[in-house]
Amino acid sequence: MNPRTAVTFSLPARLLHWLMAIMILTMLFVGVGMVATVSERHVWLVQLHKPLGIAILALVIVRLLVRWRYGTPALPADLPPWQRHSAHLSHWMLYALMLAMPLIGWTMLSAGGYPVTLFAGVTLPDLVSPSPTLYSALRFAHTWLALSLFALILLHLAAALYHGLIRRDGVLASMTKGRRKP
């Protein structure tokens, strides 16, 4: 399929979207729980957070390749220019954050001298040498970018509901059902 003629999101794009939505929301709540607890659950949450972040990094790369291969459907022609611009900008900001968050987290852990272990015996290489100053800066960035990602997800959800419930223009259906209004 020519990406410029896509009328709906491809099945791989839809599956990746919903899988990653679940993973990212899980990741955000695990992250909050991880920094908010000093109980024995902290270790378990950290052990979940690291491989989940790397899986998100891998899947966002796959998702970008799927987007490049299959394209995306055009927005409705009657959509005001500011909404069209906002939609494009917010989608690219989501992709940027989905790429940046795991990379910053991995780099932060490397700077802190903490290994990134995915599962039994598989540890990723450090991206930087240990540096308390860099660790502190990256931890600050990771926290604020996570909050920004959460806010952007809420905005994305609001826009999806606007298209699905108010405009009823097929934008939401193109990601949920794979159908678009003619």
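Calculation notes
Residues numbered from 1 in each chain as written. Predicted model: local features only at pLDDT ≥ 70, side-chain atom pairs only at ≥ 80, totals over all residues. Heavy atoms only, no water. UniProt positions renumbered as here; feature names shortened; annotations may be inferred. Helix = DSSP H or I, 4+ residues; strand = E, 2+ residues; numbered from the N terminus. Patch = residues over 30% accessible without salt bridge, like charges linked within 9 Å, V, L, I, M, F, W, Y side chains within 5 Å. Areas by Shrake-Rupley, 256 points an atom, 1.4 Å probe, with all protein chains shown as cover. Salt bridge = Lys/Arg side-chain N within 4 Å of Asp/Glu carboxyl O. Buried < 20%, exposed > 50% of the residue type's maximum accessible area, 1.4 Å probe, protein only. Lys, Arg positive; Asp, Glu negative; His and termini not counted. Contact = heavy atoms within 4.5 Å. Expected span 1.5 Å × (residues − 1). Axes fitted to C-alpha atoms, helices over the stretch in contact; angles between N-to-C directions. Left-handed = near helix turned anticlockwise from the far one by under 90°.

The name an unreviewed UniProt entry gives the protein is Cytochrome B, with Salinicola acroporae as the organism. Per UniProt, the protein carries the Sequence similarities (unreviewed entry) text "Belongs to the cytochrome b561 family."

A. Spatial organisation of the UniProt feature "domain: Cytochrome b561 bacterial/Ni-hydrogenase" (unreviewed entry) in the protein. Mapped onto the present numbering, the UniProt feature "domain: Cytochrome b561 bacterial/Ni-hydrogenase" (unreviewed entry) falls at residues 9-178. The distance from the first to the last C-alpha atom of residues 9-178 is 6 Å, and the span holds 76% helix and 4% strand.

B. Just a nonpolar patch on the surface, in detail. A surface patch of nonpolar side chains, amounting to about 770 Å² of accessible area, comprises L25, F29, F150, L154, L157, L161, L165 and I166. Counting residues per element, the ones that place at least two in the nonpolar patch are α1 (11-36) and α4 (132-167). Of all the elements, α4 adds the most residues to the nonpolar patch, at six residues. Looking at the secondary structure, you find L161 in helix α4. A relative accessible area of 40% places L161 in the partly exposed class.

C. Representation of the side chain of R14 within the structure. Positionally, R14 belongs in helix α1. One buried charged residue, R14, forms no salt bridge at all, with the nearest opposite charge on D169 at 15 Å. Once residues lying within four places of it in the same chain are set aside, the contact partners of R14 are F9, S174, M175, T176, K177 and G178.

D. Inspection of the environment of I24 at higher detail. Here I24 lies in helix α1. Taking the relative accessible area as the measure of exposure, I24 reaches 9% and is therefore buried. Separated by 129 residues in sequence, I24 and I153 have C-alpha atoms that sit 9.6 Å apart. Non-local contacts of I24, meaning those with residues more than four positions away in its chain, are made with I56, M98, L149 and I153.

E. Layout of unusual backbone geometry. The phi dihedral of R168 falls on the positive side, at around 50°, and the residue is not glycine. Relative to the assigned elements, R168 resides in the loop between α4 and α5 (171-176). A residue is classified by how much of its surface remains accessible, and R168, at 54% relative accessible area, is exposed.

F. Examining the UniProt feature "transmembrane region" (unreviewed entry) in the protein more closely. According to UniProt, the feature "transmembrane region" (unreviewed entry) maps to residues 15-39, 51-70 and 144-165 in the numbering used here. The distance separating the terminal C-alpha atoms of residues 51-70 is 28 Å; by composition the span is 100% helix and 0% strand.

G. Local environment of the environment of H163. Position of H163 among the secondary structure elements: in helix α4. Residue H163 is classed as buried on the basis of its relative accessible area of 10%. When the C-alpha atoms of H163 and A173 are compared, they prove to be 9.0 Å apart, with 10 residues separating the residues in sequence. Residue contacts for H163: discarding those within four places in its chain leaves L79, R168, D169, V171 and L172.

H. Molecular detail of helix α3 (residues 81-112). With 32 residues, α3 should cover 46 Å at 1.5 Å per step; its first-to-last C-alpha distance of 45 Å lies within 8% of that length. Where α3 ends, the next residue or the one after it, G113, has phi of about 80°, a positive value.

I. Looking closely at the packing of helix α2 (residues 41-70) against α3. One way to put it is that α2 packs onto α3 with a least axis distance of 9 Å and a crossing angle of 145°. The chirality of how α2 crosses α3 is left-handed. In this structure, α2 uses K50, G53, I54, I56, L57, V60, I61, R63, L64 and R67 to contact α3, whose residues at the interface are W92, Y95, M98, L99, P102, L103, W106 and L109.

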